[in-house]
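# Commentary on secondary and tertiary structure
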Amino acid sequence: MRSRLPKLLHPLCGRPMIAWSVAAANAAGASRVIVVQGPGRELEAVLEDRVEFAIQHQARGTADAVRAAAPLFADAGTVIVVNGDHPLVSPDTIRGLAAAHERSGAAATIATAVLDDPTGFGRIARGPDGTVERVVETKAAGDASEFELRIREVNTGIYAFEPGELLSALDRVQSHNAQGEQYLPDVALILREDERSVLAQEISDPGSTLGVNDRAQLAQARALAQRRIQERLMLAGVTIVDPASTDIDVGVEVAADAVIAPFSSLHGATRVGASSTIGPASTLIDTTVGEESRVIHSYVVEAAVGDRVSVGPFAYLRPGTVMREGSKAGTFVELKNTDVGPRSKVPHLSYIGDAEIGEDTNLGASTITANYDGSRKHRTRIGDRVKTSVDTTLVAPVTVGDEAYTAAGSVITKDVPEGALGVARARQENIEGYADRRKERDQEEPRHPPHLNSDQR
């Protein structure tokens, strides 16, 4: 990956890559999930409590990795092994492989796929009876013959084992290959030598063969994950106008009859209620949106947007913002840690931070809360049915009472009582005849010749 971040921690549609494999195992009904990690133990911080961990102290191949987990699965019924860097294997594939293996009574069952281009995959060499004789690795020159490289049936890296047979075979796996590693597929050859059957279960799940070893493959996995996420939502009644221009994380929930317009991104723990419209060109991160609301051309982070709320266009809702039912944040409005009461409006060109706004209040254009004194933040409290005129600055801490007004251009530094008009600006003075006097002054002033520079004057 050419990254300081471990490969399995690279994010994929809102979830670390390893968490996809774990989620698939849990969804398939696994009673225990064991994750093998390196000595750095980086994976423990991102996986849920249900996961158990085994440590592979040196990277000596897949067979050695499974051996590291052996004490944790020795008493299991069936052991399924999946790759952490094949994040999009489906629960149905895991469940189907387990069922086929348990019906067969085989020592091992390998999930396989037939590919038009099998480059990079281990090939499945079958015997006359159709069982697997061995898996031929192709990672390095010399591991496979020219004939074996023509085989199109490949090993997906998903296995079902009878644990006793697996443990016995693991102790005999060697590293006689170009890579000097202990390959898990060699277990199949050892089991055959013990006259135990190894079966192949062909699957058609494209996620099972989509491994991630670089950023290009991560992008391919992301495209497939997006398709699955969006198809699930659309089949549940969500309209996604242009899936190709839409980005939705796996943990996002969207109710039926919601519309996601083009160039919108929904991330994290975002929730969108029924019949709401998101976009076009809106980003929601860890945000809740109620029913019948609209968020248009806006950026919303860790906010709670209630029912029948209007946001945007070009609004920025920052963490801690709460918009109650029927409220509005209009064009070029920024809200931070602010509670906007029912049916209250901040229509345009305003910054409201660390504030509480009552119900049915209207803040005029360019209303600003000066909430920071250089060392501390202070709150502004605005009551019910308040109307601020344009270009009002509220210097916190300050309170504006119910049904109060402010005059245009005011800098409010003191509380405004209920029902009062707050005026805080210099008294206007008109200078009569100013234009004529200015003309006379301009005529009396000497004019410099245009060819002289400043040093010559």
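Please refer to the structure placed before this passage.
Presented here is an overview of the structure given in this document. Note that the structure is a prediction, hence the values are computed from the model and not measured. (Residues numbered from 1 in each chain as written. Predicted model: local features only at pLDDT ≥ 70, side-chain atom pairs only at ≥ 80, totals over all residues. Heavy atoms only, no water.)

Within the element layout of this structure, threonine 270 appears in the loop between β15 (265-267) and β16 (271-272). A polar side-chain atom of threonine 270 sits 3.4 Å from the main-chain carbonyl oxygen of leucine 284. Residues in contact with threonine 270, not counting those within four places in the same chain, are Gly251, Val252, Glu253, Leu284, Ile285, Asp286 and Thr287. (Helix = DSSP H or I, 4+ residues; strand = E, 2+ residues; numbered from the N terminus. Polar contact = N/O pair within 3.5 Å; in protein donor to acceptor, adjacent residues only side chain to side chain. Contact = heavy atoms within 4.5 Å.)

Burial of strand β9 (residues 153-161) is extensive: 9 of the 9 residues sit out of reach of the surface. With 3 bridges connecting them, strand β5 (residues 79-81) and β9 associate as antiparallel partners. The partner of isoleucine 80 across the bridge, within β9, is alanine 160. (Buried < 20%, exposed > 50% of the residue type's maximum accessible area, 1.4 Å probe, protein only. Pairing = 2+ DSSP bridges.)

Taken together, 9 strands build an open sheet; the order of strands is β13-β16-β19-β22-β25-β27-β29-β32-β35 and the sheet is parallel. A strand with exactly one partner marks an edge of an open sheet, and here the two such strands are β13 (253-254) and β35 (398-400). Pairing between strand β19 (residues 288-289) and strand β22 (residues 304-305): 2 bridges, direction parallel. Note on β22: the bridge partner recorded for valine 289 is valine 305.

Moving on, we come to helix α1 (residues 17-28). Each α-helix winds once per 3.6 residues, and so residues spaced three or four apart point in a common direction. In a regular helix each residue adds 1.5 Å, so 12 residues correspond to 16 Å; α1 covers 17 Å between its end C-alpha atoms and thus fits that length. For α1, the buried fraction is high: 10 of the 12 residues fall into the buried class. Taken together, the buried positions of α1 are Met17, Ile18, Ala19, Trp20, Ser21, Val22, Ala24, Ala25, Asn26 and Ala28. Those residues of α1 hidden inside the fold are in contact with β1 (11-12), β2 (15-16), β3 (33-37), β4 (51-55), α3 (91-104) and α7 (215-235). Glycine 29 occupies a position one or two residues after α1 and carries a positive phi of about 100°. (Expected span 1.5 Å × (residues − 1).)

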